[in-house]
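# Observations on the model geometry
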Amino acid sequence: MQVGPTGKLMRREVVKALLEDRNGMLAIGGLGAPAWDITAAGDSPLNLPLWGGMGAAAMMGLGLALAQPERKVMVITGDGEMLMGVGSLATIAVKQPRNLYVVVLDNEHYGETGMQETATRHGVDLVGMARAAGFPDCRLVKTEAELLALRDSVRSGVGPLFAVVKIDEAPQPLVLPPREASILQARMREAILGPEAHLQ
Amino acid sequence: MDDPRKRMSDAAADWPDQIYDLLKEHGIRQVALVPDAGHSRLIKRCLADNDIKVTTLTTEEEGIGLIFGAWLGGEKGVLLMQSSGVGNCINMLSVPIAHRTPCPMIVTMRGDYGEFNPFQVPMGNATQTVLEAMGTLVKRAETPEDVAPTVNATLRMAFNTYRPTATLLSQRLIGAKTFGK
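The structure presented is a predicted model; accordingly, all values stated were derived computationally and were not measured. Numbering of residues starts from 1 in each chain and follows the order in which that chain's sequence is written. Chain A is the first chain written and ligand 1 is the first ligand written, with later ones labelled in order. Selection of residues for local features in this predicted model requires a pLDDT of at least 70, selection of side-chain atom pairs for listing and counting requires 80 or more, and totals for whole chains, interfaces and linings are taken over all residues.

## Quick look at the overall build of chain A
To keep things clear, this is the line we draw: Every helix listed is a DSSP run of H or I at least four residues long, and every strand listed is a run of E at least two residues long, numbered separately from the N terminus. The burial criterion counts other C-beta atoms lying within 10 Å of a residue's C-beta, which is placed from the backbone; the residue is buried at 20 or more, exposed at 12 or fewer, and partly exposed between these limits. Two residues qualify as being in contact provided that their C-beta atoms, derived from the backbone, are within 7 Å of each other.
When you go through chain A residue by residue, the secondary structure sums to eight helices and eight strands. Viewed in the frame of its principal axes, chain A has a C-alpha envelope of about 50 × 35 × 30 Å. When each of the 200 residues of chain A is scored for burial, the buried share is 47%. In chain A, the proportion of contacts linking residues at least 24 apart, taken out of those at least 6 apart, comes to 70%.

## Thoughts on the interface of chain B and chain A
The test is simple: Gly falls in the polar group here, along with every residue not listed as nonpolar (Ala, Val, Leu, Ile, Met, Phe, Trp, Tyr, Cys, Pro) or charged (Asp, Glu, Lys, Arg).
In this complex, chain B contributes 27 residues to the contact, which on the side of chain A involves 29 residues. Of all the secondary-structure elements, those providing two or more residues to the side of chain B that touches chain A are β2 (53-56), α3 (61-72) and α5 (94-99) of chain B. Here the side of chain B that touches chain A gets ten residues from one element, more than from any other, and that element is α3 of chain B. The class makeup of the residues in the side of chain B that touches chain A is ten nonpolar, twelve polar and five charged.

## Thoughts on the sheet that holds strand β4 (residues 103-108) of chain B
What links the strands of a sheet is backbone hydrogen bonding, and the strands pair in either a parallel or an antiparallel sense. Residue and element names in this part refer to chain B. Note the cut-off: Here, any two strands with at least 2 DSSP bridges between them count as paired. Fitting a line to C-alpha atoms yields each axis, with helices limited to the stretch in contact; the angle taken between N-to-C directions then spans 0 to 180 degrees.
The strand order across the open sheet formed by six strands is β2-β1-β3-β4-β6-β5, and the pairing between neighbours is parallel. Among the strands making up the open sheet, the edge pair consists of β2 and β5 (137-141). When the angles between neighbouring strand axes are averaged without regard to direction, this sheet yields 20°. Here strand β1 (residues 28-33) runs beside β2; their pairing, made up of four bridges, is parallel. Bridging from a neighbouring strand, Leu33 pairs with Thr56 of β2. Against the sheet, α3 touches β1, β2, β3 (76-82) and β4, its axis set at about 170° to β3.

## What about the nonpolar core?
Stated formally: Core membership is restricted to buried Ala, Val, Leu, Ile, Met, Phe, Trp, Tyr and Cys residues, and these are joined into a nonpolar core through C-beta atoms within 7 Å.
Core analysis: the biggest nonpolar cluster contains 104 residues, and Val103 and Val165 of chain A together with Ile64 of chain B have the highest contact counts within it. With nine residues, the top contributor of residues to this core is helix α3 (residues 57-67) of chain A. Ile64 of chain B has contacts with Ala56 of chain A together with Leu79, Cys89, Met92, Leu93, Val95, Pro96 and Cys103 of chain B, leaving out every residue within four places of it along the chain.

## As for the sheet that holds strand β2 (residues 47-49) of chain A
All names here are of chain A. Strand order across the open sheet formed by six strands is β2-β1-β3-β4-β8-β7, with parallel pairing between neighbours. Taken across any chain shown, the strands that pair with only one partner, and hence form the sheet edges, are β2 and β7 (137-141). Mean inter-strand twist for the sheet, computed between neighbouring axes without regard to direction, equals 15°.

## Quick look at the packing of helix α5 (residues 88-95) of chain A against helix α6 (residues 126-133) of chain A
Residues and elements named next belong to chain A. Selection criterion: Here roughly perpendicular refers to angles of 65 to 115 degrees, roughly parallel to angles under 35, roughly antiparallel to angles over 145, and oblique to all remaining angles. Each helix crossing is assigned a hand: it is left-handed if the near helix lies turned anticlockwise from the far helix by less than a right angle, otherwise right-handed if that turn is clockwise.
In contact at an axis separation of 8 Å, α5 and α6 are set at 40° when each is read in the N-to-C sense. Comparing the axis directions of α5 and α6 gives the class oblique. Crossing geometry of α5 relative to α6 is assigned as right-handed. In this structure, α5 contributes Leu89, Ala90 and Ala93 to the contact, and α6 contributes Met129, Ala130 and Ala133. Tallied by class, the residues present in the contact of α5 with α6 amount to six nonpolar, no polar and no charged.

## Overview of the environment of Met10 of chain A
All names here are of chain A. Relative to the helices and strands, Met10 is located in the segment before α1 (11-19). Along the primary structure Met10 and Lys166 are separated by 156 residues, whereas in three dimensions their C-alpha atoms are 8.9 Å apart. Setting aside residues no more than four positions away along its own chain, Met10 makes contact with Gln2, Val3, Gly4, Ile167 and Asp168.

## Observations concerning the pairing of strand β1 (residues 26-29) of chain A
Residue and element names in this part refer to chain A. Just so we agree on the cut-off: Looking down the strands as they point away from you, a crossover is right-handed if its path from the first strand over the helix to the second goes clockwise.
On β1, burial covers both faces: Leu26 and Ile28 on one face and Ala27 and Gly29 on the other are all buried. Note that β1 and strand β3 (residues 73-78) share four bridges and pair parallel. Bridge pairing links Ala27 to Met74 in β3. Bridging between β1 and β2 involves three bridges; their strand directions are parallel. From the neighbouring strand, Gly29 faces β2, where its bridge partner is Pro49. Remark: the β1/helix α2 (residues 33-40)/β2 crossover connection has right-handed handedness.

If you want it as structure tokens, here you go:
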């Protein structure tokens, strides 16, 4: 697996690996680069890329995981987005959803707004915060081997799981999903619920 | 004997149970909340119901995300909060608006009618205005008899027309907290 100039994993390769052979796993992409990353891995009705709602990606994952307990749900978001909704770590940990996996792509910067530093750049430990909240499986991922172990755990293990993947900060080319959000929700609902989704 | 005064006092006491009955009638499966004293009886009813998943939030805007996620997965949700919590939700209302998804809210009012605490007044006075500024359909319930039809309308408009809606339960209905004064 290719690494960036900083020696860190590349975000697009990380997301591609996590969503490969996903076996119906649902994915929510936090606004900004993670939404483009899940789209670059292959746009799909199983993807809900977010154009807004900063701070709520993990909570959307919780609502979805509670509604669909037989399906795996992965939230892929950025460090800035996770920090804005960091209280949701407590909310999720109390509910202990066995089918929810939260993966933070941590480049230690606000990438969409000019690469200002986030709190993780200054040592704030999101893995430690998730562990203290009560996520039973929390990990820091820096290498390809750790990433593949994370993927194995998502495929065969139970949640809730929280992972921070340290990634190279270099921005990647934009790969934009549809911007009409009513389509994004309706296509995911239909993928989960069938045509009756639109008659609820 | 049918005593109209007793009937009225039953309605006064029973409106939280009437809201619970409406949640069941509408098939609500997820309830997101930050507690408020005015909702305590309804919260107890929801917690005692194995078919309703109750999620206690750290801040109300989490509930907007939770209800959206529940809807993606085919479950109906509702957000219970105090008027002060409405202020925490404002930008997050862009999520159900842009996605065109239901987001019903049942709000107990503070800073509305006989308030004691100065900090409750700014948000209580602005609750309806800011919700409406964010495209939410808002209806108020001022008396016990108003509650069931108003909440019913709020749930129907959310799930039939795919948008944020809110019932504001007046402080006149709930009673103002007096802190012993």
